[in-house]
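Descriptive analysis of the structure
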Amino acid sequence: MRQSTLSSEILHRYDTPEWLNLHFEAKYEHRMRSASMYDIRLGEKIADIGCGSGAWIDFFLKKLGGNGYILGIDPSHANIAVAKNRDSLAHASNVHITQGDLDMFCRCPERYDAIHFGNSIGYMRNRGGIFSRLIKKLRVGGRIILRQHDEATFLLAPVRQALLEKFRFLLANSQENPIQQLPFDLYAGRNIQFDLLASGRYRVEMRLLPFEAKAPFTPKIQKYILETCKWIAEMTCSSSTVQEQQEWERSVISKIQKNTQFYFSEIEYLYHAYLRS
């Protein structure tokens, strides 16, 4: 499900239960404010594809009110182990968490009311083909729910505008670099709608959910922003100058570490794709 020729060190760091939990928990209040936007109904059957460490399963379990059924599937053994041991999920009789991939999921005959991708669809290639395959996995009235942040929407202040634009450009260029071949689509958030509409079988609703934070940050938000900005530096280091990297360290990373005079924002996309009859 998650293919990569990127440095194994970088990939490992950002695909671990620790990072996935940090990503979710840093944005917890932001995500709970949008909880009412999720079209989840009591007693439904839900599949969470690329469930990671189980944070979204926990969220859906509360939305279902103790009824219904949730399947969580992820290719990572480490993620599955953490998900299964969550206090809220370990003894839930209506939750099944298993290691596997999208092909395994599609081979099973069961159909679902909702299929969810929480920041996981960006790791998958041929999304148009995936959405076409999932038609056979949805019950009548079923839907795909996708939540995906867009790396190109990050905004930092105070940072010299030319430097910010340069690093955004370099990040975009790394997406297209055939040598780098990123394991995920940096712009999946904005591109998903086109992949869904291309199949001609879905009615698509989209919402933009800005995540904003300004110093002083909570410890988890501070760590999430710091790790994100370090990742941006790593992804751009081969194409930027030593002076630009030093300025990024000075004007971005050091200010986040000091937890003062800093603003960060990015946009998450929330999609509901309803299967047309």
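Right, let's walk through the structure included here. (Residues numbered from 1 in each chain as written. Predicted model: local features only at pLDDT ≥ 70, side-chain atom pairs only at ≥ 80, totals over all residues. Heavy atoms only, no water.)

Counted residue by residue, strand β5 (residues 138-157) has 14 buried out of 20 residues, so it is predominantly covered. When strand β4 (residues 112-118) meets β5, the two strands line up parallel, connected through six bridges. If you follow H116 over to β5, its bridge partner there is I145. In this fold, β4 hands off to helix α7 (residues 127-134), which returns the chain to β5; that crossover is right-handed. Here β5 pairs with strand β7 (residues 263-275) via 11 bridges, running antiparallel. Opposite I144, over in β7, you have A273 as the bridge partner. (Buried < 20%, exposed > 50% of the residue type's maximum accessible area, 1.4 Å probe, protein only. Helix = DSSP H or I, 4+ residues; strand = E, 2+ residues; numbered from the N terminus. Pairing = 2+ DSSP bridges. Right-handed = clockwise from strand over helix to strand, strands pointing away.)

Further remarks concern the environment of E268. Along the chain, the position of E268 falls in strand β7. E268 gets classed as buried once you look at its relative accessible area, which sits at 0%. Contacts of E268, omitting those with residues within four sequence positions, involve H23, K27, H30, R31, N119, R147, Q148, H149, R207, L208 and L209. Side chain to side chain, E268 and R147 meet in a polar contact 2.9 Å long. (Contact = heavy atoms within 4.5 Å. Polar contact = N/O pair within 3.5 Å; in protein donor to acceptor, adjacent residues only side chain to side chain.)

A separate point is the pattern of salt bridges. Within this structure, the stated rule accounts for 16 salt bridges. Two residues, E268 and K27, come together in a salt bridge whose shortest N-O distance is 3.3 Å. With a gap of 241 residues between them, E268 in strand β7 and K27 in the loop between α2 (17-26) and α3 (28-33) connect regions that are remote in the sequence. Note that R139 is salt-bridged to D113, the shortest N-O span being 3.1 Å. Here R139 is found in strand β5, whereas its partner D113 is found in strand β4, with 26 residues between them in sequence. On the accessibility criterion, R139 (34% relative accessible area) is partly exposed. (Salt bridge = Lys/Arg side-chain N within 4 Å of Asp/Glu carboxyl O.)

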